[in-house]
Number of protein chains: 2
Amino acid sequence: MGFWKSLFTTTDTTTESSSQKRDRASLSPVTPQTERIFFSTERDIDLYDLEELCDAVGWSRRPLRKVKKAIQHSFLVVSMWEQQGNRRRLIGFSRATSDHAFNATIWDVVIHPDFQHKGLGKALMKYLIKKLRNDDISNITLFADPHVVEFYRNLGFTPDPEGIKGMFWYPD
Amino acid sequence: MGFWKSLFTTTDTTTESSSQKRDRASLSPVTPQTERIFFSTERDIDLYDLEELCDAVGWSRRPLRKVKKAIQHSFLVVSMWEQQGNRRRLIGFSRATSDHAFNATIWDVVIHPDFQHKGLGKALMKYLIKKLRNDDISNITLFADPHVVEFYRNLGFTPDPEGIKGMFWYPD
């Protein structure tokens, strides 16, 4: 966690205050030469930036029209940005669907390879979980690829609790 | 499937035509002595009827205010009704959250014990899947309790495909 904590520290920004200032990148003047990482829950993400991020981790391309619709209809969208001077760069993304009451399911968690292994994925997830908990969502779920099960376990996620199985439907 | 098929048959109603007539219960006059089972995607379900149904299968009670909110914010809500003459009775329920584009997750699948083991759960799920597929949702998911994994497997759901794990978050 040292990497991003130090970046937050340089601008006196904690995870919490960055969430309060989530519109800053689009609304406020930026001091040149300041380097920081911040979260945003805004949905007006440039879809080509997002596609570039997903390309970087090798995901299959998806129609941008559908990506736009999915973002619109997600309960929560969290993006992570690196800001250097006047430039900002999309370096992380995640979103959750929800019934706004009981359940949420997290999808599309991605961190740019240049920024992996620095605790940023953990920071993104913690931010997302905190937001969902603040909205009184009690059941936070996800479907984890085998190589990230341990990552999510370390964040407090349990695989198959009480034998509950994640299942996917495929046509016969 | 014989039981509900024969009920549908008595009114010349198939699964498809019952969906087209899904507003009938609230909109159309009903011929007395007609017995049939039909689906509805209407959301104006009496919450006390739904609570009674969930009580019957032993689920923990949930605040009706939150149940109402969850129904409002689900992508799809499917209820199943038995109609006898002028009376109708809620005998099944299910709903799905979704991003309206790629993913859906099915929650709260319930069939009244009096109507279990007659193929109605299967009919309800097939109706739900068909609706989701018609809306171009490619990834249909759910979390299955151990005793219903086989039920869902028979419907075309695969547990842990390619090692993907369903995970639930619990506070530390």
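All figures in this text were calculated on a predicted structure; none of them were measured in a lab.

Conventions used here
Residues numbered from 1 in each chain as written. Chains lettered and ligands numbered in written order. Predicted model: local features only at pLDDT ≥ 70, side-chain atom pairs only at ≥ 80, totals over all residues. Heavy atoms only, no water. Phe/Tyr/Trp six-rings, centres within 6.5 Å; stacked < 30°, edge-to-face > 60°. Helix = DSSP H or I, 4+ residues; strand = E, 2+ residues; numbered from the N terminus. Buried < 20%, exposed > 50% of the residue type's maximum accessible area, 1.4 Å probe, protein only. Lys NZ or Arg CZ within 6 Å of the ring centre and 35° of its normal. Contact = heavy atoms within 4.5 Å. Buried area = accessible area lost by both parts, 1.4 Å probe. Salt bridge = Lys/Arg side-chain N within 4 Å of Asp/Glu carboxyl O. Polar contact = N/O pair within 3.5 Å; in protein donor to acceptor, adjacent residues only side chain to side chain. Least-squares fit on C-alpha atoms with pLDDT ≥ 70 in both. Pairing = 2+ DSSP bridges. Axes fitted to C-alpha atoms, helices over the stretch in contact; angles between N-to-C directions.

K.L.:
Residues and numbers for the packing of aromatic side chains, please.
P.N.:
Taken as a whole, this structure holds 11 aromatic pairs over all chains when the rule is applied. An angle of 15° between the planes, with centres 4.5 Å apart, marks the rings of Phe39 of chain B and Tyr127 of chain B as stacked. Of this pair, Phe39 of chain B sits in strand β1 (residues 35-40) while Tyr127 of chain B sits in helix α6 (residues 120-134), placing them 88 residues apart in sequence. For Tyr127 of chain B, a relative accessible area of 4% gives the class buried. An aromatic cluster is present here, built from Trp107, Phe143 and Phe168 of chain A together with Trp107, Phe143 and Phe168 of chain B joined pairwise through their rings. In this arrangement the basic side chain of Arg88 of chain A is found over the ring face of Trp81 of chain A, its NZ or CZ atom lying 4.3 Å from the centre.

K.L.:
How would you explain the interface of chain A and chain B if you had to name every residue and give the values?
P.N.:
It is common to give the size of an interface as the accessible area that goes away when the parts come together. At the interface, 50 residues of chain A touch 49 residues of chain B. At the boundary of chain A with chain B, total buried surface from both sides reaches about 4,700 Å², with 60% on carbon and sulfur atoms. Contact with chain B buries area across many residues of chain A, yet Phe102, Met167 and Trp169 of chain A alone supply 19% of it, more than any other trio. Put simply, chain A and chain B have six salt bridges between them. Across the salt bridge formed by Asp99 of chain B and Arg95 of chain A, the nearest N and O atoms sit 2.9 Å from each other. Run the count over chain A and chain B and you get 26 residue pairs in polar contact (both at pLDDT 80 or more). The set of elements that each furnish at least two residues to the side of chain A that touches chain B consists of α5 (64-72), β3 (87-98), β4 (103-111), α6 (120-134), β5 (139-144), α7 (149-154), β6 (157-159) and β7 (165-169) of chain A.

K.L.:
Could you give me a rundown of the relation of the copies chain A and chain B, with the residues and numbers involved?
P.N.:
For the match of chain A to chain B, the screw axis carries a shift of 0.0 Å, the RMSD comes to 0.0 Å, and the turn is 180°. This pairing of chains is accounted for by a two-fold axis. The C-alpha atom lying nearest the rotation axis in chain A is that of Gly166 of chain A; the distance is 2.1 Å. When you check the interface residues of chain A against chain B, 98% turn up at the interface there too, and the contact is symmetric in its surfaces.

K.L.:
Please give an account of the sheet that holds β3 of chain A that cites residues and values.
P.N.:
The strand order across the open sheet built from seven strands is β1(A)-β2(A)-β3(A)-β4(A)-β5(A)-β7(B)-β6(A), with neighbouring strands paired in mixed fashion. Of all the strands in the sheet, just β1 (35-40) and β6 of chain A have a single pairing partner and so form its edges. In this sheet, adjacent strand axes meet at a mean angle of 25° when their direction is disregarded. As judged from the nine bridges shared by strand β2 (residues 76-84) of chain A and β3 of chain A, these two strands associate in the antiparallel manner. What sits directly across from Gln83 of chain A, in β3 of chain A, is Arg88 of chain A. Against the sheet, α6 of chain A contacts β1, β2, β3, β4, β5 and β6 of chain A together with β7 (165-169) of chain B, and its axis sits at roughly 160° relative to β4 of chain A.

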